[in-house]
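# A closer look at the structure
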Amino acid sequence: MLDSFRLDGRVALVTGSSRGLGQGAAVALAEAGADVALLDRGDASETADRIRALGRRVHLVQRDLLAATPDDLESAVTEVAEALGGLDILVNNAGTIRRAPAAEYSASDWRDVLAVNLDAVFHLSQAAGRRMLEQGRGRIINVASMLSFQGGILVPAYTASKHAVAGLTKALANEWAASGVTVNAIAPGYMATDNTAALRADVEREKSIAARIPAGRWGTPGDLQGAFVFLASDAAAYVTGAVIPVDGGWLVR
């Protein structure tokens, strides 16, 4: 049974892979046997070094998802396939957040958040999906959020984008399942990453969040690694269109 979780011979592409959840996902996939391409606007060399230390191949792809066009993302997928010999797994992890009251939220912040969190997810999925449909197999894993289910505070664009990611996951799953391509999402709970630094720095807000988590703590990138490997593997061949919370019990509180 455990062999069905192995990813030997597979090629994965992970966005936003220089740190945090994306780094954790990339390393976990490599530990399970995959070669990994790292798409990031910054320096993902630390992640690359960790993957090479596992004996896996790695390829760095420089793209800024805020500015990337659909053609830029199509070319990124082609680059990965040529460098590593194919593409079997796409993890759409990269995301951004801008905080402000809805009544004062700027048009530029709205556009920027949707560009990274939704537009890039669709265009990368589309480019990877074409290749996966042709080969008759593939795994796409999107990173959703607790705000795919809830409204949040001071984050209207982020909430809208993460609700949309959940919907897009289901829409693509419906179209592509019969061709061997599964599309799922992981919805992390409150994670100790750079994106939540402002929340964790607010003593009262951090305290109120931690008090509501049944597990009694914020999550870490390591808490998501098993879910990424599962959804990328043959063990999840009949799982598609799912949005799986990994939240320490937040949603059931």
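This is a predicted model, so every value here is computed, not measured. (Residues numbered from 1 in each chain as written. Predicted model: local features only at pLDDT ≥ 70, side-chain atom pairs only at ≥ 80, totals over all residues. Heavy atoms only, no water.)

## Comments concerning the nonpolar core
Formed by 34 residues in total, the largest nonpolar core has its most connected members in Leu13, Leu65, Val80 and Leu87. Elements that contribute at least two residues to this core include exactly strand S1 (11–15), strand S2 (35–40), helix H3 (70–84), helix H4 (107–135), helix H5 (156–176) and strand S6 (181–188). Looking at this core element by element, the count peaks at 10 residues for H4. Apart from residues no more than four positions distant in its own chain, Leu65 is found in contact with Thr15, Leu39, Leu73, Ala94, Ala115, Val116, Ala120 and Leu124. Counting residues in each nonpolar core, the second largest holds 31 residues, with Ala48, Val58, Val91 and Ala236 among its members. (Core = buried A, V, L, I, M, F, W, Y, C linked by side-chain atoms within 4.5 Å. Buried < 20%, exposed > 50% of the residue type's maximum accessible area, 1.4 Å probe, protein only. Helix = DSSP H or I, 4+ residues; strand = E, 2+ residues; numbered from the N terminus. Contact = heavy atoms within 4.5 Å.)

## Regarding the sheet that holds strand S5 (residues 138–143)
With respect to topology, 7 strands assemble into an open sheet ordered S3-S2-S1-S4-S5-S6-S7, the strand pairing being parallel. Every interior strand has two partners, whereas the edge strands, strand S3 (58–62) and strand S7 (243–246), have only one. In this sheet, adjacent strand axes meet at a mean angle of 20° when their direction is disregarded. Pairing geometry for S5 and S6, over 6 bridges, is parallel. Following the sheet pairing, Ile141 is matched in S6 by Asn184. (Pairing = 2+ DSSP bridges. Axes fitted to C-alpha atoms, helices over the stretch in contact; angles between N-to-C directions.)

## Points about the UniProt feature "domain: Ketoreductase" (unreviewed entry) in the chain
UniProt marks residues 10–179 with the feature "domain: Ketoreductase" (unreviewed entry), using the numbering shown here. Here residues 10–179 is 51% helix and 15% strand, with 18 Å between the C-alpha atoms at its ends. (UniProt positions renumbered as here; feature names shortened; annotations may be inferred.)

## A word on the packing of helix H1 (residues 20–31) against helix H8 (residues 225–232)
Taken N-terminus to C-terminus, the directions of H1 and H8 make an angle of 55°; their axes are 9 Å apart at the nearest point. By the angle between their axes, H1 is oblique relative to H8. For H1 against H8, the interelement crossing comes out right-handed. On the side of H1, the interface is formed by Leu21, Gly24, Ala25, Val27, Ala28 and Leu29, while H8 contributes Gln225, Phe228, Val229 and Ala232. For the contact of H1 with H8, a count of residues per class yields 8 nonpolar, 2 polar and no charged. (Parallel < 35°, antiparallel > 145°, perpendicular 65-115°, else oblique. Left-handed = near helix turned anticlockwise from the far one by under 90°. Nonpolar A, V, L, I, M, F, W, Y, C, P; charged D, E, K, R; others polar.)

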